[in-house]
Amino acid sequence: MIDDHAHPFPLAATALDINSVTLDVEPGLTAVLRRQKLGPGRLASEMLRVQLAQYLACPVAELDAVRESAARDWPSYVAALFADVGLTGMLLDPGPTDFETAAGVAPYAQIAQVPMWELVRVEPVVDHLLGLGASTSDISAAVDARLDAAASRGAIGVKTVLAYRTGLAVDPKASLIDADRSLTQELPLRQRGKAMRDLVFCQVLRRCVDLGLPLQIHTGFGDSEISLAGANPLLLDDVLSTAEGRAAQVVLIHGGFPWHEHVAYLAAARPSVWVDFSLSNLFSPATTADRLLRLLDLAPTRRLMVGSDGHGSPETHWFALRVLRDAWTVICSQLGEKTRASWLDDAERNIFTDNAKELYGI
């Protein structure tokens, strides 16, 4: 299995706090206490805790102590976790900053004992320069330089979290005049510069075509910093219908949840749209099979991929991928008398491995 979208895990042993694996990321002591109080009542937390105890062959009451002991040999512990779910590679999004050292993804690959590939985000340079009062032209040039540098060091994809900023209702006709005017708005930085961000988004689409890099676009739900109304993947339909939108290889990540059937439609109707199923398997695991089947019901199997969106601890990657494996078993049982076994075998190979290999050239 290739994990199409994940974040770096610690390179040295850290404690596992299952209650901190949450969509609630508000800062402050009150929020920390709230997360600790609510965590045990979340089904995803309970399933992670029980399944990890099963994996470590210990009672749930002894999980913390057994995990601490197992994690003392951190590289072996992490590699065994990933081997347990059949992981064969991982695309890493470092988040708001680039990887901390020139070594890039190599230290993560060394620990996990599987290949790792880099994704590069657009927003860090945009937000930084916007905060400094830069012009649209300066921001555009910096984005170009960031993409060129990433491609030269071997990054295999680009990522945008525009949904976390001004939303996915991109205006493909945004002009340079509109963009510069939007920079003067009296709004919080993350909400400022919609026309500029729209113009840069279209620029990134063109550059991804030039560089031969797929563009991952956050769609659907996310942590508590997102405005969900602006993350509906159907808001992208106008820009996906432009020349650059049709030419670029676009990956709508997280399956657009709760609009998973919308992204399935886009993958079925648009010539260069792919769907990545991730994140919801981590936070809404019990109904993963239903959502994956709804994608499969409409989208071509050659346009679907899977990921974990694991972050913070390697157990989140392991759990999200294990949930996907279990969901696929359920789907095969449901479709076993309605499809040929060979069709299901091909679908599994494409969705879990081959589509990512083809799209990213790995």
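In case you missed it, the structure is sitting above this.
As the structure is a computational prediction, the values presented were derived from the model and not from experiment.

J.: Can you help me understand the layout of surface pockets in this one?
T.: In this approach a probe as big as a water molecule rolls over the atoms, and the regions it shows empty are the leftover space. In this model, the largest pocket occupies a volume close to 810 Å³. Considering the residues around the largest pocket, the lining is formed by 39 residues, among which His 7, Val 25, Arg 121, Asp 223 and His 311 are closest to the centre. With three residues, helix H6 (residues 123–131) is the largest single contributor of residues to the lining of the largest pocket. Of the residues in the lining of the largest pocket, the class split is 13 nonpolar, 13 polar and 13 charged.

J.: Can you walk me through the pairing of strand E5 (residues 215–218) in this structure?
T.: Remark: a regular strand shows side chains that alternate across the two faces of the sheet. Judged by which residues are buried, E5 turns out to be covered on both faces: Leu 215 and Ile 217 on one side and Gln 216 and His 218 on the other are all buried. As judged from the three bridges shared by strand E4 (residues 157–160) and E5, these two strands associate in the parallel manner. Each bridged residue has a counterpart across the sheet, and for Thr 160 the counterpart in E5 is Ile 217. The pairing of E5 with strand E6 (residues 250–253) spans four bridges and is parallel. Directly across from Ile 217, in E6, lies its bridge partner Leu 252.

J.: Mind showing me how you'd approach the packing of aromatic side chains here?
T.: In this description, an aromatic ring pair is defined by two values, namely the gap between the centres and the angle between the planes. Enumeration according to the criterion identifies six aromatic pairs in this entry. Ring geometry for Tyr 55 against Trp 318: centres 5.5 Å apart, planes inclined by 50°, an arrangement best described as tilted. Here the residue Tyr 55 occupies a position in helix H2 (residues 43–55), and Trp 318 occupies one in helix H15 (residues 314–335), the gap between them amounting to 263 residues. Between the aromatic rings of Trp 74 and Tyr 77, the centroid separation amounts to 5.9 Å while the plane-to-plane angle is 35°, which identifies the pairing as tilted. Linking Trp 74 with Tyr 77, this pair stays in helix H4 (residues 74–84), spanning three residues, or about one helical turn. Owing to a relative accessible area of 3%, Trp 74 belongs among the buried residues under this scheme. Feature note: the residues Phe 9, Phe 82 and Tyr 108 constitute an aromatic cluster, connected by ring pairs. Against the face of Phe 257 rests Arg 291, its NZ or CZ located 4.8 Å from the ring centre. Above the face of the Trp 274 ring, Arg 303 is positioned so that its terminal group lies 4.3 Å from the ring centre.

What counts, and at which threshold
The written sequence of each chain sets the order in which its residues are numbered from 1. Under the rules for a predicted model, residues below a pLDDT of 70 receive no local features and side-chain atom pairs below 80 are neither given nor counted, while totals for whole chains, interfaces and linings still include all residues. Hydrogen atoms and water are omitted, and side-chain values are computed over all heavy atoms in the structure. Put simply, the grid is 1 Å and covers the protein atoms alone, a cavity is a trapped set of points that fit a 1.4 Å probe, a pocket is an open set with protein on both sides within 12 Å along at least five of seven lines, and lining residues have an atom within 4 Å of a point. Grid points are joined across faces, edges and corners, and a volume is the space filled by probe spheres set on the points. We count a stretch as a helix when DSSP gives it H or I for four or more residues in a row; a strand needs E for two or more, and each element gets its number in order from the N terminus. For this classification, the nonpolar set comprises Ala, Val, Leu, Ile, Met, Phe, Trp, Tyr, Cys and Pro, the charged set comprises Asp, Glu, Lys and Arg, and every other residue, Gly included, is treated as polar. Accessibility here uses a 1.4 Å probe with only protein chains present; expressed as a share of the type maximum, an area under 20% marks a residue as buried, one over 50% as exposed, and anything in between as partly exposed. Paired strands are those between which DSSP finds at least two bridges. Between the rings of Phe, Tyr and Trp (Trp by its six-membered ring), a pair exists once the centres lie within 6.5 Å; its type follows the angle of the planes, with under 30 degrees stacked, over 60 edge-to-face, and the other angles tilted. Two conditions define a charge sitting above a ring: the NZ of Lys or the CZ of Arg must be within 6 Å of the ring centre, and it must be within 35 degrees of the ring normal.

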